[in-house]
Amino acid sequence: MVDSAIEAVRFEPPQRIIYIKRMGYDIVVIGAGHAGCEAALAGARLGLGVCIFTMNAETIGQLSCNPAIGGLAKGHLVREIDALGGEMARAADAASIQSRVLNRSKGPAVWSLRAQADRTLYKTAIRRALEEQPGLDIRQATVEKLVVEGGTIKGVLTSTGVVYEGKAVIVTTGTFLKGLMHIGLESRPGGRAGDLPSVGLSDSLRELGFKMGRFKTGTPPRLGADSIDFSLAEAQYGDDPPPPFSYSTKAITNPQLPCHITYTNPDTHKIITDNLDRSPLYGGKIKGIGPRYCPSIEDKVVRFSHRPRHQVFLEPEGLDSNEYYANGISTSLPHDVQVRLVRSIPALEEAQIVRPGYAVEYDYVFPTQIKHTLETKPVGGLFLAGQINGTSGYEEAAAQGLMAGINASLKILGREPLVLGRHEAYTGVLIDDLVTKGTGEPYRMFTSRAEYRLLLRHDNADLRLRERGFTIGLVPDDAYGQFKEKCEAIASELQRIRRVRVKPEAANPVLAGVGSAPIAEAATLEQLLKRPEVDYSMIEGLSPPERGLDEESKKQVQTETKYAGYIQRQMEAAGKLRRSEAMKIPPDFDYRGLKGLSSEELAKLEEVRPRNLGQAGRIPGVTPSALTLIMLTIKRNRLAVK
């Protein structure tokens, strides 16, 4: 950090002199939520000087919405963050009070880990990681303005009149950009309960020419545990032993708690419909667009009026907390209506609302204005990550924050950026969707968004990305050494089961035990393992390897063997994608000079400025004939990418 003398700087408009003190860093991060913390840690771990700003140091790493990490597709993102050297998975394991793999009844492509987290333990783990990280400073202050000169970021100006210079600035403001909170027809400024919004920074982005929109999100009421009759709800327990997120976690040691399930009913729905005139959502006060896949209970009752009930998932907030999060009834109805709707639900007839639910509106930046590195197109050195890019969820934010921190650092260090392909990671799918397609509603990750789901399993994130994390410099030597040993063990076992043959007299009793047809002649272990009824433990019993494998490695051997044909087909499809992306499109390509593009195609191509032909093909509305025209023009004119 460089601390220079006090000097005068002129900001226009309005014309005024602000006497400031300049302080210099390599990277300045605005916001200390999930995206900001990952970005700051990545930069500092790569040896750069980083300063992270928060408006309230007590809320660093806070789980603002539900007390859980992971879930369908989101668990994949958490595993990828860990494989690359990020922090979220380790913090989730330190805070886990229930952990289980979802979708066990389906194929491994859609299995996903989810953990209930103790809010206090999670926040403590994240803050400790920041405070103990060399080269990382934490500052409590409000950033009012981005300092830009000649189209390049130079730093930030705080409300106290201090300029913090930075070679790169990463904005991770969550729901705080002009945040407006709603409970009933009453509204007040705020990014979440108890915190003020960021107003000046939103205006600064607009002044720089960024196109911005308005989204909304919501939260349900928190209930007092001692007022809930859990005997009237269905208990749901985690896996035993609880599986960890991080590849470095040996075991989860926290006590494990159950969640509980109950349901709304026609009485609940009538209370809601009778009071829609008092809802800011249906009364017209809320203008922002909400998440389609996580709607408020008002939205559910109106849009799905044919459904007699909706699930309510009661989640404990922590080991020492008396609060439960009523997942499934997010609402911005008035407090008195919330009390009645809650008490109409079985197990909640006498429930006390500790904190009412509310909705938050906030500004976001249209993500087609950012590159795959998460650097903005209009301003060099300025990176955006998290809900400011139109996403929802902790995991989507953290993945972006990590990638922004990595790429800001690599740019400063003069190294090649890290851009993950759609065939490599859910993180790659997430960023490519935002950059290429934009989003008209809060973006949430689903397994269905990935074309190569069988390649992008939650259990093989380290096999896909650990090497990348080590090459960048975020994965330490000891973790990388363990990873290499695991890779060698899996490869050796796959070779062994292809080679070792088992005679019928040894195999048939085992096969009969699971209802599988007997063999008439010797078969390889691989041939037996390909059978749906046979799992790796049976193979191991028939012919154990010289060196035992850990459970993760055993699952890898089993999945790679059983799904070998499907995996090969997806790898071939991914190869076609890589070939289409090998044809680069120059950043200054003249789309207006092409005859044959529709006005829609021209507008979208100029807005997105695709990096290659593959990305151009994923832009909604761009036809195959347009792609052919671009390809032929590049070949004919031998256009080179600068």
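Reading the values: the criteria
- Counting restarts for each chain: residues are numbered from 1 in the order of the written sequence.
- Owing to the predicted nature of the model, reporting of local features is limited to residues with pLDDT of at least 70; listing and counting of side-chain atom pairs is limited to 80 or more, with chain, interface and lining totals taken over all residues.
- The side-chain values count all of the structure's non-hydrogen atoms but skip hydrogen atoms and water molecules.
- Helix and strand assignments follow DSSP, with helices taken as H or I runs no shorter than four residues and strands as E runs no shorter than two, numbered in order from the N terminus.
- Throughout, the radius of gyration refers to the C-alpha atoms, and the reference size of a globule is 2.2 Å times the residue count to the power 0.38.
- Partly exposed residues are those whose accessible area sits between 20% and 50% of the maximum for their type, while under 20% is buried and over 50% is exposed, using a 1.4 Å probe and protein chains only.
- With residues, only the protein chains shown are counted as cover, and all accessible areas are computed by Shrake-Rupley using a 1.4 Å probe.
- Residues counted as positive are Lys and Arg, residues counted as negative are Asp and Glu, and His and the chain ends are not counted.
- Taken as the charge centre is NZ of Lys, CZ of Arg, CG of Asp or CD of Glu, depending on the residue.
- Residues belong to one nonpolar core when they are buried, are Ala, Val, Leu, Ile, Met, Phe, Trp, Tyr or Cys, and are joined through side-chain atoms within 4.5 Å.
- Contact between two residues is taken to exist if any of their heavy atoms lie within 4.5 Å; hydrogens are not considered.
- Only when DSSP finds a minimum of two bridges between them are two strands counted as paired.
- Note on geometry: axes are C-alpha line fits, over the in-contact stretch for helices, and angles between N-to-C directions span 0 to 180 degrees.
- Pairs of cysteine sulfur atoms within 2.5 Å are what we label disulfides.
- Stacked, tilted and edge-to-face are the three classes assigned to paired rings of Phe, Tyr and Trp, where Trp is represented by its six-membered ring and a pair needs centres within 6.5 Å; plane angles under 30 degrees give stacked, over 60 edge-to-face, the rest tilted.
- Two limits define a charge over a ring: the Lys NZ or Arg CZ must be within 6 Å of the ring centre, and within 35 degrees of the ring normal.
- In what follows, salt bridge is the name for a side-chain nitrogen of Lys or Arg lying within 4 Å of a carboxyl oxygen of Asp or Glu.
- How far a helix is expected to stretch is found by multiplying one less than its residue total by 1.5 Å.
- The arc under discussion is defined with respect to the helix axis, by the directions toward the C-beta atoms.
- Nitrogen and oxygen atoms within 3.5 Å of one another constitute a polar contact, given that in protein one can donate a hydrogen and the other can accept it, and given that sequence-neighbouring residues count only through two side-chain atoms.
- Here the angle decides the label: under 35 degrees means roughly parallel, over 145 means roughly antiparallel, 65 to 115 means roughly perpendicular, and every other value means oblique.
- Should the near helix be turned counterclockwise from the far one by less than a right angle, the crossing is left-handed, whereas a clockwise turn marks it as right-handed.

> Sorry if this is basic, but what is going on with the overall build of the chain here?
A count of helices and strands for the chain gives 20 helices and 23 strands. Taking 26 Å as the expected radius of gyration for a compact globule of 642 residues, we find that the chain reaches 26 Å, a close match to that expectation. Along the first, second and third principal axes, the C-alpha set of the chain runs to 90 × 70 × 55 Å. For the chain, the residues scored as buried account for 57% of the 642 residues in total. Accessible surface for the chain amounts to roughly 26900 Å². Of this, 51% is attributable to carbon and sulfur atoms. Separation of charge centres in the chain, based on 82 positive and 76 negative side chains, amounts to 6 Å.

> Looking at this structure, how should I read the nonpolar core?
In this structure, Leu-146 and Leu-382 are the most contacted members of the largest nonpolar core, which totals 107 residues. Here this core gets 10 residues from one element, more than from any other, and that element is helix H9 (residues 394-412). Once residues lying within four places of it in the same chain are set aside, the contact partners of Leu-146 are Ile-30, Ile-153, Gly-155, Val-156, Val-169, Val-171, Leu-201, Ser-204, Leu-205, Leu-208 and Leu-382.

> Would you mind going over the sheet that holds strand S6 (residues 112-117) with me for this structure?
The strand order across the open sheet built from 3 strands is S4-S6-S5, with neighbouring strands paired in antiparallel fashion. Edge positions in the sheet fall to strand S4 (68-70) and strand S5 (96-102), since each has one partner strand and no second. Pairs of neighbouring strands in the sheet enclose a mean axial angle of 20°, with direction left out of account. Pairing of S4 with S6, which is carried by 3 bridges, proceeds in the antiparallel orientation. Of the residues in S6, the one forming a bridge with Ile-69 is Ala-115. Contacting S4, S5 and S6, helix H3 (residues 88-95) crosses the sheet at an angle of about 115° to S5.

> Sorry if this is basic, but what is going on with the state of the cysteines here?
One pass over the structure, following the stated rule, counts 0 disulfides. Not part of a disulfide, Cys-37 finds its nearest cysteine sulfur in Cys-51, a span of 13 Å. The exposure class of Cys-37 is buried, given its relative accessible area of 3%.

> Just to check I follow, could you spell out the packing of aromatic side chains for this structure?
Given two aromatic rings, their pairing is described by the distance between the two centres and the angle made by the two planes. Applying the stated criterion to the full structure yields 9 aromatic pairs. A ring pair is formed by Phe-53 and Tyr-164, whose centres lie 4.7 Å apart and whose planes are at 80°; its orientation type is edge-to-face. Of this pair, Phe-53 sits in strand S3 (residues 50-54) while Tyr-164 sits in strand S10 (residues 163-171), and the two are 111 residues apart along the sequence. Per residue, the accessibility class of Phe-53 equals that of Tyr-164, and both read buried. Here a set of aromatic residues connected by ring pairs shows up, and it is made of Tyr-25, Phe-53 and Tyr-164. The ring of Tyr-247 has Arg-79 sitting right over it, with the charged end atom 4.8 Å from the ring centre.

> What exactly am I supposed to notice about the pairing of strand S18 (residues 323-327) here?
Residues in a regular strand point their side chains to alternate faces of the sheet. Most of S18 is tucked away, with 4 of its 5 residues classed as buried. Pairing of strand S14 (residues 222-224) with S18, which is carried by 3 bridges, proceeds in the antiparallel orientation. Across the sheet, the residue bridging to Arg-222 is Tyr-325, located in S18.

> It is not clear to me how the pattern of salt bridges should be interpreted in this structure. Could you clarify?
Any two side chains of opposite charge can pair, on the condition that their charged atoms come close. Tallied over the entire structure, the rule returns 44 salt bridges. For Glu-552, the salt bridge goes to Arg-79, with nearest N and O atoms at 3.4 Å. Taken as a pair, Glu-552 in helix H16 (residues 551-562) and Arg-79 in helix H2 (residues 74-84) lie far apart in primary sequence, 473 residues in all. Residue classification places Glu-552 among the partly exposed residues on the basis of a relative accessible area of 24%. Put simply, Lys-437 and Asp-433 hold a salt bridge, and the shortest N to O gap is 3.5 Å.

> Is there a simple way to explain the sheet that holds strand S15 (residues 234-236) in this structure?
The strands making up a sheet are joined through hydrogen bonds of the backbone, oriented either antiparallel or parallel. One open sheet accounts for 6 strands, arranged S15-S16-S17-S18-S14-S19; its pairing is antiparallel. Edge positions in the sheet fall to S15 and strand S19 (353-355), since each has one partner strand and no second. Across the sheet, the mean angle separating the axes of adjacent strands is 35° when strand polarity is ignored. By the bridge criterion, 4 bridges tie strand S17 (residues 311-316) to S18 in an arrangement that is antiparallel. Paired with Pro-316 across the strands is Tyr-324, a residue of S18.

> Would you mind showing me how to read helix H20 (residues 624-637) here?
Residues three or four positions apart in an α-helix share a direction because the helix packs 3.6 residues into each turn. With 14 residues, H20 extends 20 Å from end C-alpha to end C-alpha; this agrees with the ideal 20 Å at 1.5 Å per step. Those residues of H20 that sit buried are Ala-626, Leu-627, Ile-630, Thr-633 and Ile-634. All buried residues of H20 fall inside an arc of 130° around its axis, so they share one side. Structural note: H20 exposes Pro-624, Ser-625, Lys-635 and Arg-636 on the side pointing more than 90 degrees away from its buried face. Looking at the buried side of H20, the elements it contacts are helix H18 (599-608) and helix H19 (613-617). Positive phi shows up at Arg-638, right after H20, with a value of about 50°.

> So what exactly am I meant to see when it comes to the side chain of Glu-323 here?
Along the chain, the position of Glu-323 falls in strand S18. A relative accessible area of 15% means that Glu-323 is categorised as buried. A polar atom in the side chain of Glu-323 sits 2.9 Å from the side chain of Arg-355. If we skip the residues at most four places from it in the chain, Glu-323 touches Arg-222, Leu-223, Glu-315, Pro-316, Glu-317, Val-354 and Arg-355.

> Explain unusual backbone geometry here, please?
Note: most peptide bonds trans; most residues except glycine with negative phi. Cis geometry marks the peptide bond from Asp-240 to Pro-241, where omega comes out at 0°. Of note, Ala-347 is a non-glycine position whose phi angle comes to about 80°, a positive value. Looking at the secondary structure, you find Ala-347 in the loop between helix H8 (335-343) and S19. A positive phi angle is found at Leu-374, which is not glycine, with a value near 75°. Looking at the secondary structure, you find Leu-374 in the loop between strand S20 (358-365) and strand S21 (382-384). Leu-374 gets classed as buried once you look at its relative accessible area, which sits at 0%.

> Can you help me understand the environment of Leu-525 in this one?
Structurally, Leu-525 is set in helix H14 (residues 525-529). With residues near it in sequence (within four places) discarded, Leu-525 still touches Arg-496, Ile-497, Val-500, Val-502, Ile-539 and Ser-543.

> Help me understand the packing of helix H1 (residues 34-45) against helix H4 (residues 119-131), please; the structure alone is not making it clear to me.
Each pair of packed helices gets described by two things: the angle between the helix axes and the distance between those axes. The N-to-C vectors of H1 and H4 enclose an angle of 30°; their axes lie 10 Å apart at closest approach. Taken together, the axes of H1 and H4 lie roughly parallel to each other. Considering the relative orientation of H1 and H4, their crossing is left-handed. Every residue of H4 that contacts H1 at His-34, Cys-37 and Leu-41 is listed here: Tyr-122, Ile-126, Ala-129 and Leu-130.

> So what exactly am I meant to see when it comes to the side chain of Thr-524 here?
Mapped onto the secondary structure, Thr-524 falls in strand S23 (residues 523-524). Thr-524 has contacts with Ile-497, Arg-498, Val-500 and Arg-501, leaving out every residue within four places of it along the chain.

On their own, these measurements won't tell you what the molecule is for.
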